[in-house]
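Structural overview
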Amino acid sequence: MKTVEDILARVKSLGFTLERHGDELHLRRPAGSSPPPELIAAIQSHKPELMDHLAEALTPEQRKFWQPATGAK
């Protein structure tokens, strides 16, 4: 998985959802399922891009509280 679109397509194909909560990403999945290790690695390595991509989907009300990802903790 080389791009954000590839990662999100894989997440969707597995029936998972990827959500942004503040400065964290949450991978929601059906009970009893586990994500493939390569998916976890791809999410971790592309976290800043995924954070920015998911922020684009925010409503105007949610944007009031959003800050771009800096990579800093």
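Below, the structure is looked at part by part.

What counts, and at which threshold
Residues numbered from 1 in each chain as written. Predicted model: local features only at pLDDT ≥ 70, side-chain atom pairs only at ≥ 80, totals over all residues. Heavy atoms only, no water. Helix = DSSP H or I, 4+ residues; strand = E, 2+ residues; numbered from the N terminus. Buried < 20%, exposed > 50% of the residue type's maximum accessible area, 1.4 Å probe, protein only. Contact = heavy atoms within 4.5 Å. Areas by Shrake-Rupley, 256 points an atom, 1.4 Å probe, with all protein chains shown as cover. Core = buried A, V, L, I, M, F, W, Y, C linked by side-chain atoms within 4.5 Å. Arc of directions from axis to C-beta. Pairing = 2+ DSSP bridges.

In this section: the overall build of the chain. The helix and strand inventory of the chain stands at four helices and two strands. In the chain, which comprises 73 residues, the share counted as buried stands at 23%. Of the contacts made within the chain by residues no fewer than 6 positions apart, 46% connect residues no fewer than 24 positions apart. For the chain, the accessible surface area stands at approximately 5,300 Å², while carbon and sulfur atoms represent 55% of it.

If you look at the biggest cluster of nonpolar residues, it comprises 12 residues: Val-4, Ile-7, Val-11, Phe-16, Leu-18, Leu-25, Leu-39, Ala-42, Ile-43, Leu-50, Met-51 and Leu-54. If you list the elements that add at least two residues to this core, you get helix H1 (4–13), helix H2 (37–45) and helix H3 (47–55).

Where H3 is concerned, the buried positions are Leu-50, Met-51, Leu-54 and Ala-55. Buried residues in H3, looked at end-on, bunch into an arc of 135°, giving them a common side.

Take the environment of Arg-28 next. As for its placement among the helices and strands, Arg-28 is situated in strand E2 (residues 24–28). Taking the C-alpha atoms as reference points, Arg-28 and Val-11, separated by 17 residues in sequence, lie 9.4 Å from one another. Not counting chain neighbours up to four residues away, the residues in contact with Arg-28 comprise Phe-16, Thr-17, Glu-19 and His-21.

The sheet contact formed by strand E1 (residues 17–21) and E2 spans five bridges and is antiparallel. Its bridge partner lying in E2, Thr-17 is registered against Arg-28. Hairpin geometry of E1 and E2 is characterised by an intervening segment of two residues between the two adjacent antiparallel strands and by a positive phi of about 65° at Gly-22.

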